[in-house]
Amino acid sequence: MRNTRLWMNQLIRYFIMSHDYAQISFVNPTTSQPLESIWLVNPAKEYMAIHISTDTQASTIARTTQMKNEAYSIFNAFGKQGRILDISFDEAARNFIDEETTFIAIYPQCEVTDAVKRQFPEIGTVIYDVDDPEAEIKKNNDEIKTFLINKMKKSRSPSFHTPAEFLESMSKTYIVAGIICVIVWAALYILSVITKINTTYLGLTFGAYFKPYITALNQWYRLITCGFMHVSLFHLLANMIALRPLSKAVENQFGFAKTIATLLISIVIGSLFVYFSNSNEISVGLSGGIYGLIGALMVILFQEGLFKVPAVRQRLMSTLYLNIILNFLPNVSFMAHLGGFISGVFLGFIFSQKSDKALRTNFTIAGLIIVGFMIGYCIMNHSVSTVYPDLDARMIQVLRRLNLNSYADRLLAMLKKYY
């Protein structure tokens with residue numbers, strides 16, 4: 001009797017442990033159960049996506065459009081194209097190749113085409129029957145689990161043989177934004193050590209978000225400069241850790257220009273949301289832009305159908321849970337995060353190649369209308385909910401200690417008019 005469940009398990013073990021493939025599965029939306037097929041993915045291989053199904057080859061060919069759509073979702077997620085290897089266990093099937101897919105049948109003691117054997121020399125001997133299939137499946141699963149755990153432990157301390165390999169593991173967006181943030185933080189820290197002035201006051205002096213200074217002194221540049229200022233090392237490291245995988249994922253789809261634009265625009269929109277809320281708070285950090293990348297990434301996953309992949313959905317939800325919890329910590333600007341996220345969703349639909357022209361146009365027009373309304377409101381409304389005269393007095397002292405006397409005089413005069 002054909003034990004296709006055992007054969008599939010043996011192939012999964014072979015591809016994961018011998019060729020470094022990763023297993024994913026798509027979920028049937030009507031049953032929420034995995035389909036009777038699996039995908040194995042390795043972006044470094046010629047056969048980037050391997051589809052293994054217990055269906056007959058005729059049934060698989062009948063579902064060719066669905067199968068290829070699933071494969072395209074995988075290719076788009078990695079930002080590159082590859083070939084598809086479709087494997088069935090149908091002894092009546094024939095091996096053939098089309099432009100994108102190689103169809104083969106695998107069963108004990110079968111002949112495998114030379115093109116496939118060149119990539120996977122042992123594939124013809126991988127599957128075999130045993131007296132106790134369930135025990136064999138359990139043994140294979142235990143071996144796969146141990147292999148993946150050991151692989152994960154090694155990956156936690158990645159080693160890069162050359163500086164070029166280290167840089168290649170990062171997105172250009174991460175490198176550019178990270179360099180700016182580190183330079184600004186280091187400059188504030190060094191200046192703080194020299195002058196004995198708290199980094200919060202120095203951040204407020206040189207570009208942190210603070211509504212009274214934006215309106216009284218017309219320092220609208222603070223809407224963007226605040227995103228690259230961090231007054232503590234912990235805050236900087238937390239944002240750099242969050243930025244690295246997000247920027248890499250979005251940049252793989254959008255490219256550098258659109259990804260850095262998403263980051264910058266989301267910072268500004270996040271600052272406008274804070275301004276719009278009338279709260280009189282000091283705000284610094286890249287998290288508004290990071291939330292913008294989260295919003296853009298959710299659009300990418302939605303359009304590629306990757307929300308159906310359990311591993312992708314689980315990882316995304318864990319990221320969202322963590323960031324939702326962070327919103328309730330002290331001195332965290334919820335409005336900046338909300339504005340950044342909404343901005344990222346809009347930009348995701350505008351920048352995505354999956355969006356048709358009408359959808360991009362509608363999101364662009366809606367976004368411009370919303371931003372135009374917010375800018376108009378910000379120009380007309382300069383009020384704040386709370387005034388901090390002690391903070392302003394302290395800032396005047398800080399500016400004079402830094403020998404920025406003309407800046408201090410101007411700030412004092414403008415604040416008297418503002419309040």
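Refer to the structure presented above.
Not measured: the values here are computed from a predicted model.

Trainee: Would you mind going over the sheet that holds strand β1 (residues 22–24) with me for this structure?
Mentor: Backbone-to-backbone hydrogen bonds pair the strands of a sheet. The strands run either parallel or antiparallel. A sheet is described by the order of its strands in space; here 6 strands give the open sequence β1-β2-β3-β4-β6-β5, paired in mixed fashion. The two strands at the open ends of the sheet, each matched to only one other strand, are β1 and β5 (96–97). With 4 bridges connecting them, strand β3 (residues 49–53) and strand β4 (residues 84–88) associate as parallel partners. Residue pairing in the sheet places histidine 51 in a bridge with aspartate 86 of β4. Those strands touched by helix α1 (residues 4–19) are β1, β2 (37–41), β3 and β4, and its axis lies near 10° from that of β2. Running at roughly 30° to β2, helix α3 (residues 64–78) makes contact with β1, β2, β3, β4 and β6 (101–105) of the sheet.

Trainee: Help me out: how do you make sense of unusual backbone geometry in this one?
Mentor: Leaving glycine out, the prevailing phi sign among residues is negative, and the prevailing peptide bond configuration is trans. Backbone geometry at aspartate 20 places phi at a positive 60°, although glycine is not the residue there. Mapped onto the elements, aspartate 20 comes out in the loop between α1 and β1. What makes aspartate 20 partly exposed here is its relative accessible area of 40%. Even without a glycine there, the phi angle at asparagine 218 is positive, about 55°. Locating asparagine 218 in the fold gives a position in the loop between α9 (211–216) and α10 (222–225). Overall, asparagine 218 belongs to the exposed group, its relative accessible area being 55%.

Trainee: Teacher, can you tell me more about the nonpolar core here?
Mentor: General note: in soluble globular proteins, nonpolar side chains tend to be found buried as a group. By size, the foremost hydrophobic cluster in this structure holds 28 residues, and its most contacted members are Leu11, Phe15, Ile50, Ile52, Ile87, Phe120 and Ile123. Contributions of two or more residues to this core are made by α1, β2, β3, β4 and α5 (133–155). Grouped together as the second largest cluster of nonpolar side chains are 27 residues, Met170, Met240, Leu293 and Ile300 included.

Trainee: Please explain a nonpolar patch on the surface as it appears in this structure.
Mentor: Among the surface-exposed residues, Tyr189, Ile190, Val193 and Ile194 lie close enough to one another that they form a single nonpolar patch of about 410 Å² accessible area. In this structure, valine 193 sits in helix α7 (residues 172–195). On the basis of relative accessible area, valine 193 is assigned to the partly exposed category, the value being 44%.

Trainee: Where do I start with the environment of tyrosine 388 in this structure?
Mentor: Position of tyrosine 388 relative to the elements: it lies in the loop between α16 (357–380) and α17 (389–401). C-alpha separation for the pair tyrosine 388 and asparagine 280, spaced 108 residues apart in sequence, amounts to 8.6 Å.

Trainee: What should I look at first to understand the packing of helix α11 (residues 233–254) against helix α12 (residues 256–276) in this one?
Mentor: The description of two packed helices rests on the angle between their axes and on the distance between the axes. Running from N to C, α11 and α12 point in directions that differ by 135°, and their axes come no closer than 8 Å. The angle between α11 and α12 falls in the class oblique. Where α11 crosses over α12, the handedness of that crossing is right-handed. Across the interface between the two elements, Leu243, Ser247, Val250, Glu251 and Phe254 from α11 touch Phe256, Lys258, Thr259 and Leu263 from α12. Taken together, the residues of the contact of α11 with α12 break down into 5 nonpolar, 2 polar and 2 charged.

Trainee: Explain the pattern of salt bridges to me, please; I cannot follow it from the model alone.
Mentor: A full pass over the atoms with the stated rule returns 6 salt bridges. A salt bridge links lysine 139 to glutamate 136; its shortest N-O distance comes to 3.9 Å. On the criterion of helical spacing, the pair formed by lysine 139 and glutamate 136 is a turn pair, its members being 3 residues apart in helix α5. For lysine 139, a relative accessible area of 37% gives the class partly exposed. Among the salt bridges present, the one from glutamate 143 reaches lysine 139, with a minimum N-O distance of 3.4 Å. Separated by 4 residues within a single helix, glutamate 143 and lysine 139 lie in helix α5, roughly one turn from each other. When its relative accessible area of 25% is taken as the criterion, glutamate 143 is described as partly exposed. Overlapping salt bridges, with partners in common, bring together Arg13, Glu136, Lys139 and Glu143 in one network.

Rules behind the numbers
Residues numbered from 1 in each chain as written. Predicted model: local features only at pLDDT ≥ 70, side-chain atom pairs only at ≥ 80, totals over all residues. Heavy atoms only, no water. Pairing = 2+ DSSP bridges. Helix = DSSP H or I, 4+ residues; strand = E, 2+ residues; numbered from the N terminus. Contact = heavy atoms within 4.5 Å. Axes fitted to C-alpha atoms, helices over the stretch in contact; angles between N-to-C directions. Buried < 20%, exposed > 50% of the residue type's maximum accessible area, 1.4 Å probe, protein only. Core = buried A, V, L, I, M, F, W, Y, C linked by side-chain atoms within 4.5 Å. Patch = residues over 30% accessible without salt bridge, like charges linked within 9 Å, V, L, I, M, F, W, Y side chains within 5 Å. Areas by Shrake-Rupley, 256 points an atom, 1.4 Å probe, with all protein chains shown as cover. Salt bridge = Lys/Arg side-chain N within 4 Å of Asp/Glu carboxyl O. Parallel < 35°, antiparallel > 145°, perpendicular 65-115°, else oblique. Left-handed = near helix turned anticlockwise from the far one by under 90°. Nonpolar A, V, L, I, M, F, W, Y, C, P; charged D, E, K, R; others polar.

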